[in-house]
Amino acid sequence: MRAAARWLLAFALPCACGLGTTPAAQLKESVEDYVRSIRWGHIERAANYVPEALRAQFIRQKRLAQTQVTIHEYDVRAVEYVQGAPRARVIIAAVWSRPADPVTHQQLLAQEWRLAGRGWEMARQQEVQQLPAHLDVVHPGDAL
């Protein structure tokens, strides 16, 4: 009986630690794990943060892309989250290249994260349009 009680305490205490975490802390942990997983090619682990209905397609798409692209950087640049909200916007900076081409490409990605029944999920990702660095907005009158 004592052994069973010790086993129960040993199992229950670590599990209970996560019960008091806030949605903001859970978001941070989820985003960090997703980003780390994508960066290092752990697609199945990253898929845990995608809605279940999209998971199989996500895995197929990412596996195919991994054969054609090398990810050099995949980092969080900003998180837009209002405490208590069921959604968050995460900005990712990605640097990648193709194996046969040494030119690196930079992209900014906006991800929509949603708080679902089992935790935070990355529901959507799209490229953020920005001006190329060589097209800084300069008015001719600025130089005169």
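Residues numbered from 1 in each chain as written. Predicted model: local features only at pLDDT ≥ 70, side-chain atom pairs only at ≥ 80, totals over all residues. Heavy atoms only, no water.

### Section: the nonpolar core
- Of all hydrophobic cores here, the largest spans 22 residues; its most connected members are Leu27, Tyr34, Ile38, Phe58, Tyr74 and Trp113.
- Secondary structure elements with two or more residues in this core: helix H2 (23–39), helix H3 (43–47), helix H4 (52–66), strand E2 (87–98), strand E3 (101–116) and strand E4 (119–127).
- The element best represented in this core is H2, accounting for five residues. (Core = buried A, V, L, I, M, F, W, Y, C linked by side-chain atoms within 4.5 Å. Buried < 20%, exposed > 50% of the residue type's maximum accessible area, 1.4 Å probe, protein only. Helix = DSSP H or I, 4+ residues; strand = E, 2+ residues; numbered from the N terminus.)

### Considerations on the side chain of serine 97
- Assignment of secondary structure puts serine 97 in strand E2.
- The class of serine 97 is buried, set by a relative accessible area of 7%.
- A distance of 2.7 Å separates polar atoms of two side chains, one belonging to serine 97 and the other to histidine 72. (Polar contact = N/O pair within 3.5 Å; in protein donor to acceptor, adjacent residues only side chain to side chain.)

### Thoughts on the pairing of E2
- In terms of residue burial, E2 counts as a mostly covered element, since nine of its 12 residues are buried.
- Note: strand E1 (residues 70–80) against E2, nine bridges, orientation antiparallel. By the bridge assignment, valine 76 is partnered in E2 with isoleucine 92.
- Once E1 ends, the chain turns through six residues before running back antiparallel as E2, passing glycine 84 with a positive phi of about 90°.
- Pairing of E2 with E3 involves 11 bridges; the strand directions are antiparallel. Bridge assignment links arginine 87 to a residue of E3, and that residue is arginine 114.
- Taken together, E2 and the strand that follows it, E3, pair antiparallel across an intervening segment of two residues. (Pairing = 2+ DSSP bridges.)

### Some remarks on the confidence of the model for the protein chain
- With 76% of its residues at a pLDDT of at least 70, the protein chain reaches an overall mean of 83.
- The low-confidence segment residues 1–19, where pLDDT is below 50, has two contacts with residues more than four positions distant or belonging to other chains. (pLDDT = per-residue confidence, 0-100. Contact = heavy atoms within 4.5 Å.)

### Some remarks on the pattern of salt bridges
- Applying the stated criterion to the full structure yields nine salt bridges.
- Note that arginine 36 and aspartate 33 form a salt bridge whose closest N and O atoms lie 3.6 Å from each other. Here arginine 36 pairs with aspartate 33, and both are found in helix H2, just three residues apart, close to one helical turn.
- Linked by salt bridges that have partners in common, Arg87, Glu112, Arg114 and Arg124 make up one network. (Salt bridge = Lys/Arg side-chain N within 4 Å of Asp/Glu carboxyl O.)

### Topic: the sheet that holds E2
- Pairing is antiparallel in the open sheet, where four strands are placed in the order E1-E2-E3-E4. With one partner strand each, in any of the chains shown, E1 and E4 form the two edges of the open sheet. With strand direction ignored, the average angle separating the axes of adjacent strands in the sheet is 25°.
- Two strands pair when backbone bridges link them, and E3 and E4 are joined in this way by eight bridges, in the antiparallel orientation. Paired with leucine 109 across the bridge in E4 is glutamate 127. (Axes fitted to C-alpha atoms, helices over the stretch in contact; angles between N-to-C directions.)

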